[in-house]
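# Analysis of the macromolecular model
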Amino acid sequence: TSVLTTTQNKKTKSQRRRKEMDRNIASSLPTKKLDRSNYASWSYKMHLYLLGHDYWSYVEGANVVASDSAHNDFPVWEQAASRVLYCLVSCVHD
């Protein structure tokens, strides 16, 4: 049972960390938006931002789940993928 309790504690701690990150996602986005003149610095900052928030695997295509709504992991994956899209769209000029 101690192994199960340790696993549950790690999962709960991870979930709390993710919720905290979700609350701060908009306030911590890089402030300089992508435009025609700043791709190099923008992409570097976005790469670091996404790495730091455990989202880079979504951009890279390494974090993939079946697009089947019945799949157990799909809702969690879709929510995180939506956060990544929000980050990217929010950091590009209209």
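Residues numbered from 1 in each chain as written. Predicted model: local features only at pLDDT ≥ 70, side-chain atom pairs only at ≥ 80, totals over all residues. Heavy atoms only, no water.

### Re the side chain of asparagine 38
Its place among the elements puts asparagine 38 in the loop between α1 (2-24) and α2 (39-52). Judged by relative accessible area, which is 7%, asparagine 38 ranks as buried. Reaching out from asparagine 38, the side chain makes a polar contact with the backbone oxygen of lysine 33 at a distance of 2.8 Å. Of the polar contacts made by the side chain of asparagine 38, one reaches the backbone nitrogen of aspartate 35; its length is 2.7 Å. Each residue touching asparagine 38, except ones within four places of it in the same chain, is listed here: Lys32 and Lys33. (Helix = DSSP H or I, 4+ residues; strand = E, 2+ residues; numbered from the N terminus. Buried < 20%, exposed > 50% of the residue type's maximum accessible area, 1.4 Å probe, protein only. Polar contact = N/O pair within 3.5 Å; in protein donor to acceptor, adjacent residues only side chain to side chain. Contact = heavy atoms within 4.5 Å.)

### A short note on the nonpolar core
By size, the foremost hydrophobic cluster in this structure holds 12 residues: Leu29, Leu34, Trp42, Met46, Tyr49, Leu50, Tyr55, Tyr58, Ala80, Val84, Cys87 and Cys91. Counting residues per element, the ones that place at least two in this core are α2 and α4 (74-90). In terms of residues, this core owes the most to one element, α2, which gives four residues. Once residues lying within four places of it in the same chain are set aside, the contact partners of valine 84 are Tyr55, Tyr58 and Val59. (Core = buried A, V, L, I, M, F, W, Y, C linked by side-chain atoms within 4.5 Å.)

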